[in-house]
Amino acid sequence: MAVVTSFVAPHYSAGVLFDPKKGSLENRFECGAEHIKNNAQAALKTALVGTTAAGLTYAVHKNAKAAQYAHKGMKAVQGLLNKNKTGAKVAAKIAHFLSKFSTAGKVGIITGAIALPILAYINNQHTYKAGQIDQKYNDRAAVQHQLDNFISLES
């Protein structure tokens, strides 16, 4: 989802310039600039999470020592899960599912499973912030419109 947002977002930022709800040209440019900043932050966070997951998987695939450490880490997590009944059931199902894969495959699946909710969270933050930005500049334009149409009683 974050990838789709990263591709669509720059076009949306440019489209702000043609939005009549945004009022003046200065207001539109400021809104577009805030959207570009928001998009860049979301893209950087997405890239950081994605490259970290991919880098860990690649390191385990290419380096036997890293694979050894990853395997020890997975065993430690499995040991922690086995301490209670529910955790033991979950650990057994995960271990059965992952038994078909190499250590690098296991790490790839696990990092992917961890990265997906993080990416969804980043996407939700980005979308929420975009809505806040739009509302801020729509409100500014409405206030400016009211001030422009204000009839002075002193005339």
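Anything mentioned here points back to the structure above.
Residues numbered from 1 in each chain as written. Predicted model: local features only at pLDDT ≥ 70, side-chain atom pairs only at ≥ 80, totals over all residues. Heavy atoms only, no water.

**Q** Even after reading the chapter, I still don't get the side chain of His126, so can you show me in this structure?
**A** Checked against the element boundaries, His126 lands in helix α5 (residues 103–148). When its relative accessible area of 7% is taken as the criterion, His126 is described as buried. Of note is the side chain of His126, whose polar atom sits 2.7 Å from the side chain of Asn39. (Helix = DSSP H or I, 4+ residues; strand = E, 2+ residues; numbered from the N terminus. Buried < 20%, exposed > 50% of the residue type's maximum accessible area, 1.4 Å probe, protein only. Polar contact = N/O pair within 3.5 Å; in protein donor to acceptor, adjacent residues only side chain to side chain.)

**Q** Looking at this model, I keep getting lost on the side chain of Asn38. Mind explaining?
**A** Positionally, Asn38 belongs in helix α2 (residues 25–62). A distance of 3.1 Å separates the side chain of Asn38 from the backbone oxygen of His126, its partner in a polar contact. Those residues within four positions of Asn38 in sequence are excluded, and the remaining contacts are His126, Lys129, Ala130 and Ile133. (Contact = heavy atoms within 4.5 Å.)

**Q** Explain the environment of Leu80 here, please?
**A** Note that Leu80 resides in helix α3 (residues 64–81). Sequence separation of Leu80 and Ala91 is eleven residues, and the distance between their C-alpha atoms is 9.2 Å.

**Q** Even after reading the chapter, I still don't get the nonpolar core, so can you show me in this structure?
**A** Among soluble globular proteins, nonpolar side chains are generally buried collectively. Membership of the largest hydrophobic core is limited to six residues, which are Val60, Ala67, Ala70, Met74, Ala104 and Val107. Of all elements in the fold, only α3 and α5 reach the threshold of two or more residues within this core. The greatest single-element share of this core, amounting to three residues, is contributed by α3. Sequence-distant contacts of Met74, that is, excluding residues within four places in its chain, are made with Thr103, Lys106, Val107 and Ile110. Grouped together as the second largest cluster of nonpolar side chains are five residues, Val49, Ala53, Ala115 and Leu119 included. (Core = buried A, V, L, I, M, F, W, Y, C linked by side-chain atoms within 4.5 Å.)

Worth remembering: the numbers are spatial, not functional.
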